[in-house]
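A closer look at the structure
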Amino acid sequence: MKNIAVLISGGGTNLQSLIDAAENKQIAGKIVLVISNKETAYGLERAKKHGIPAVFLSPKGIPNTAYAEKLLEVFDKYAVDLIVLAGWIRKIESKIISRYKNKIINIHPSLIPSFCGKGFYGEHVHKAVLDYGAKVSGATVHFVDEGMDTGAIILQKTVEVMQNDTAESLAQRVLAVEHEILVKAVALFCEGKLNVEGRKTKII
């Protein structure tokens with residue numbers, strides 16, 4: 001049974017999909033901790049409703065390295081095996097990445113390497129997809145490395161872009177896919193079925 005920490009910055013719908021999956025025994029893991037860098041993030045309330053420790057860690061007024069140390073202290077306290085970034089709008093420091101190499105998973109609302117990197121988060125992604133005239137979009141689950149959305153891809157799933165789509169309508173369909181593949185990726189990790197070789201993640 002793996003101990004999972006979920007990091008959020010907002011409403012936490014992907015968090016909720018993981019909570020439901022853990023409670024339904026779809027994943028061989030337990031969410032032992034939810035952390036938000038925003039005090040008003042509704043995801044903290046979601047965690048509390050399910051008896052999961054919910055921690056607000058403010059990054060304001062402290063250097064990035066000090067904030068990383070605070071995060072590591074909490075991870076150690078809860079003996080975390082896997083970190084899941086589920087709408088976490090903040091770059092992970094290298095100190096954390098090196099400690100948890102191939103043990104940090106992120107969900108991104110596009111088909112990486114398209115529409116990703118700096119500035120591509122939330123509705124900005126879907127607006128960019130529509131502005132470009134792309135015919136398909138989707139979601140990607142990947143491991144986190146030193147870059148921005150550059151880690152080895154675990155799973156992807158496509159969503160057709162409709163002619164009358166708005167950023168909001170596209171986001172809703174992509175979100176449903178996010179929930180699906182994030183749960184699947186976490187389940188595979190907890191079962192020891194993911195093997196990273198260079199840029200490639202093999203499911204074994």
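For the protein, the name recorded in an unreviewed UniProt entry is Phosphoribosylglycinamide formyltransferase, with Treponema phagedenis as its organism. According to UniProt, the comment filed for the protein under the heading Pathway (unreviewed entry) is "Purine metabolism; IMP biosynthesis via de novo pathway; N(2)-formyl-N(1)-(5-phospho-D-ribosyl)glycinamide from N(1)-(5-phospho-D-ribosyl)glycinamide (10-formyl THF route): step 1/1."

Our focus in this paragraph is the layout of surface pockets. In this approach a probe as big as a water molecule rolls over the atoms, and the regions it shows empty are the leftover space. Volume-wise, the largest pocket comes out at about 890 Å³. In this structure, the largest pocket is lined by 42 residues; those nearest its centre are G87, W88, I89, Y121 and G122. Taken together, the elements giving at least two residues each to the lining of the largest pocket come down to α1 (13-23), β5 (104-108), α5 (123-132) and α6 (167-190). In terms of residues, the lining of the largest pocket owes the most to one element, α6, which gives five residues. Of the residues that constitute the lining of the largest pocket, the class distribution is 15 nonpolar, 18 polar and nine charged. Two domains share the lining of the largest pocket, each providing at least three of its residues, namely domain 1 (1-100) and domain 2 (107-203). As for the second largest pocket, its lining consists of 15 residues, and the residues nearest its centre are A22, E23, K30, I31 and I52. For the lining of the second largest pocket, the secondary structure elements donating two or more residues are α1 and β2 (29-36). Looking at the lining of the second largest pocket element by element, the count peaks at four residues for β2. Looking at the lining of the second largest pocket residue by residue, the class counts come to nine nonpolar, three polar and three charged.

Calculation notes
- Residues numbered from 1 in each chain as written.
- Predicted model: local features only at pLDDT ≥ 70, side-chain atom pairs only at ≥ 80, totals over all residues.
- Heavy atoms only, no water.
- UniProt positions renumbered as here; feature names shortened; annotations may be inferred.
- 1 Å grid on protein atoms, 1.4 Å probe; cavity = no way out; pocket = protein on both sides within 12 Å on 5 of 7 lines; lining within 4 Å.
- Points joined across faces, edges and corners; volume = space filled by probe spheres on them.
- Helix = DSSP H or I, 4+ residues; strand = E, 2+ residues; numbered from the N terminus.
- Nonpolar A, V, L, I, M, F, W, Y, C, P; charged D, E, K, R; others polar.
- Domains from an automatic or database assignment.

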